[in-house]
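What the coordinates show
Take a look at the letters that make up each chain.
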Amino acid sequence: MKTLYIVRHGETDWNKMGKYQGITDVPLNENGLNQAKACGEALKDITFDRILSSDLSRALVTAETIRGDRTTPITVDKRLRELNFGDWEAMLFSDIEARWPGLIDEMYLRPHLVKVPNGESFKDLQDRAWAGLEEFLNENDKEETLLVACHGGTIRTLLCKLLDISISHCWNFSQGNTAINRIFYNGMGEYDHNILNLLNDTAHVELLQGHV
């Protein structure tokens with residue numbers, strides 16, 4: 001069995017503004033850096049054997065911050081990037097709705113049917129992200145504890161894959177900034193069962209904000 005800790009990146013200014021950032025390389029803001037540090041503190045007692053990260057800086061800096069002074073190697077893979085939002089990159093919800101009436105709602109209601117204009121579908125995202133994660137998982141057959149740092153949409157599609165759930169349910173999973181998810185991974189065979197043991201744990205962020 002492998003234990004996967006899959007973590008979403010910290011906050012960016014575009015997150016705060018409600019802009020769709022997708023594959024655009026938007027850095028963490030000050031709050032996002034603090035969230036990453038708080039997440040690192042929450043995970044400080046975990047011994048990670050290997051780390052996998054999206055190449056976008058908001059994910060990679062989150063991974064590096066969580067790693068802290070450990071010497072755990074980080075593998076960077078662009079296949080773990082967020083959904084390519086195509087024409088929607090850098091746009092606000094209101095701007096998208098004005099230009100493509102109803103399409104953004106359709107994406108949230110039926111993510112398995114919608115492809116973003118000049119961008120990707122959620123199936124496209126799942127296929128490339130899973131290819132990257134599967135390759136990383138299969139590098140050895142030892143029991144390991146792994147950290148994966150990537151993006152909200154990416155995580156949702158990976159959870160669907162790992163749990164053998166239709167991608168039409170990808171929005172059923174909340175994913176806050178630096179949310180921690182833990183999966184006990186046993187394989188993808190017919191009789192294998194992967195167990196979602198922790199979902200969207202943001203207690204460290206709530207503590208940071210004084211809400212706990």
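Residues numbered from 1 in each chain as written. Predicted model: local features only at pLDDT ≥ 70, side-chain atom pairs only at ≥ 80, totals over all residues. Heavy atoms only, no water.

What follows is about the UniProt feature "binding site: substrate" (unreviewed entry) in the chain. UniProt's feature table lists "binding site: substrate" (unreviewed entry) at Arg8, His9, Gly10, Glu11, Thr12, Asp13, Trp14, Asn15 and Arg58, given in the numbering used throughout. Here the residues from the annotation list that line the largest pocket are Arg8, His9, Trp14, Asn15 and Arg58. Examined against the element boundaries, Gly10 turns out to sit in the loop between β1 (2–8) and α1 (13–17). We classify Gly10 as buried; its relative accessible area is 0%. When residues no more than four places from it in sequence are discounted, the contact partners of Gly10 are Asn15, Leu28, Gly32, Gln35, Arg58, Thr62, Asn177 and Thr178. By the secondary structure assignment, Glu11 is in the loop between β1 and α1. Judged by relative accessible area, Glu11 falls into the buried class, the value being 14%. One polar contact links Glu11 to Asn31, side chain to side chain, over a distance of 3.2 Å. (UniProt positions renumbered as here; feature names shortened; annotations may be inferred. 1 Å grid on protein atoms, 1.4 Å probe; cavity = no way out; pocket = protein on both sides within 12 Å on 5 of 7 lines; lining within 4 Å. Helix = DSSP H or I, 4+ residues; strand = E, 2+ residues; numbered from the N terminus. Buried < 20%, exposed > 50% of the residue type's maximum accessible area, 1.4 Å probe, protein only. Contact = heavy atoms within 4.5 Å. Polar contact = N/O pair within 3.5 Å; in protein donor to acceptor, adjacent residues only side chain to side chain.)

On to the packing of aromatic side chains, then. Counting across every chain of the model gives six aromatic pairs. Pairing Tyr20 with Trp88 gives two aromatic rings, centres 6.4 Å apart and planes at 70°, and the pair type is edge-to-face. Remark: Trp88 occurs in the loop between β3 (74–76) and α4 (93–99) and Tyr20 occurs in the loop between α1 and α2 (30–42); sequence separation between them is 68 residues. Judged on exposure class, the residue Tyr20 and its partner Trp88 are both buried. The interplanar angle of 55° and the centroid separation of 6.1 Å between the aromatic rings of Trp88 and Trp100 together place this pair among those described as tilted. Taken together, the residues span a long stretch of sequence, with Trp88 in the loop between β3 and α4 and Trp100 in the loop between α4 and α5 (103–109) at a distance of 12 residues. Taken individually, Trp88 and Trp100 each receive the classification buried, so the pair is uniform in this respect. Members of the aromatic cluster, joined through ring pairs, are Tyr20, Phe85, Trp88 and Trp100. (Phe/Tyr/Trp six-rings, centres within 6.5 Å; stacked < 30°, edge-to-face > 60°.)

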